[in-house]
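Here's the letter readout for the chains.
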Amino acid sequence: MAKITKKIKTIKVDADKCNGCRTCEIVCSAHHSTPRYSTVNPAASRIHVITRRLRDIWLPVFAGEYTPAECNGRDKYVIDGKEYDECAFCRAACPSRDLFKDPDSGLPLKCDMCEGEDMPLCVEWCLNDVLIYEEREEEVDEEVLLDEMETGLEALMEKFGRDKVESTLNRMSRNG
Ligand code: SF4
Ligand code: SF4
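Residues numbered from 1 in each chain as written. Chains lettered and ligands numbered in written order. Predicted model: local features only at pLDDT ≥ 70, side-chain atom pairs only at ≥ 80, totals over all residues. Heavy atoms only, no water.

A. Quick look at the site of ligand 2. The full set of residues close to ligand 2 is Ile11, Cys28, His32, Arg46, Ile47, Phe62, Cys111, Asp112, Met113, Cys114, Pro120 and Cys122. Along the lines of polarity and charge, the residues of the shell around ligand 2 split into nine nonpolar, one polar and two charged. (Near = heavy atom within 4 Å. Nonpolar A, V, L, I, M, F, W, Y, C, P; charged D, E, K, R; others polar.)

Following this line, the structure appears as structure tokens:
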């Protein structure tokens, strides 16, 4: 399998600086609405800020991978005397919760690092410098990228059925 160069994008989260303003959720949902910037809906954001004022918790979490099955057990953390909710740090679009699913279609949402933009929008608009963007390059097997594509297709097939996905792909390729 051929080696290819993959760009690794990282957003460092300095959670101690977060004040729970949720500007990141607003700008993310606006950027990903269709047409772009037509609506704002934090429920459709690919970043979620856990906000527990009474426990002094403000924690941005980014939408990660889709999973068709929940874990056999759940974790619950206490850090520096602060008790976090079950699965608080998990990034998955998981059947156990509504988080990171499109509120209309139910399809999984995943942070795409604002593909095509110079800088992720949430990073640009977080005025408290909580989110810091970094980039580096790594050599990976081509197979790794193919696996990522398959995971996305599997999620669509589970939601709509194999026939529907295949007929949609055929129609799209006919339309160029
Ligand atoms: S924009 Fe920054 S400070 Fe505001 S909630 Fe998001 S991460 Fe926290
Ligand atoms: S990087 Fe872009 S897609 Fe990801 S959470 Fe931030 S604004 Fe949303």
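B. How the structure looks around the site of ligand 1. Around ligand 1, a shell composed of Cys18, Asn19, Gly20, Cys21, Arg22, Thr23, Cys24, Val49, Pro60, Cys126, Asn128 and Val130 is seen. Across the shell around ligand 1, the residue classes tally to seven nonpolar, four polar and one charged.

C. Inspection of the environment of aspartate 112 at higher detail. The residue aspartate 112 is located in the loop between strand E5 (82-83) and helix H2 (121-125) in this model. For the pair aspartate 112 and arginine 46, spaced 66 residues apart in sequence, the C-alpha to C-alpha distance is 8.4 Å. In this structure the side chain of aspartate 112 is engaged in a polar contact, spanning 2.9 Å, whose partner is the backbone nitrogen of cysteine 114. (Helix = DSSP H or I, 4+ residues; strand = E, 2+ residues; numbered from the N terminus. Polar contact = N/O pair within 3.5 Å; in protein donor to acceptor, adjacent residues only side chain to side chain.)

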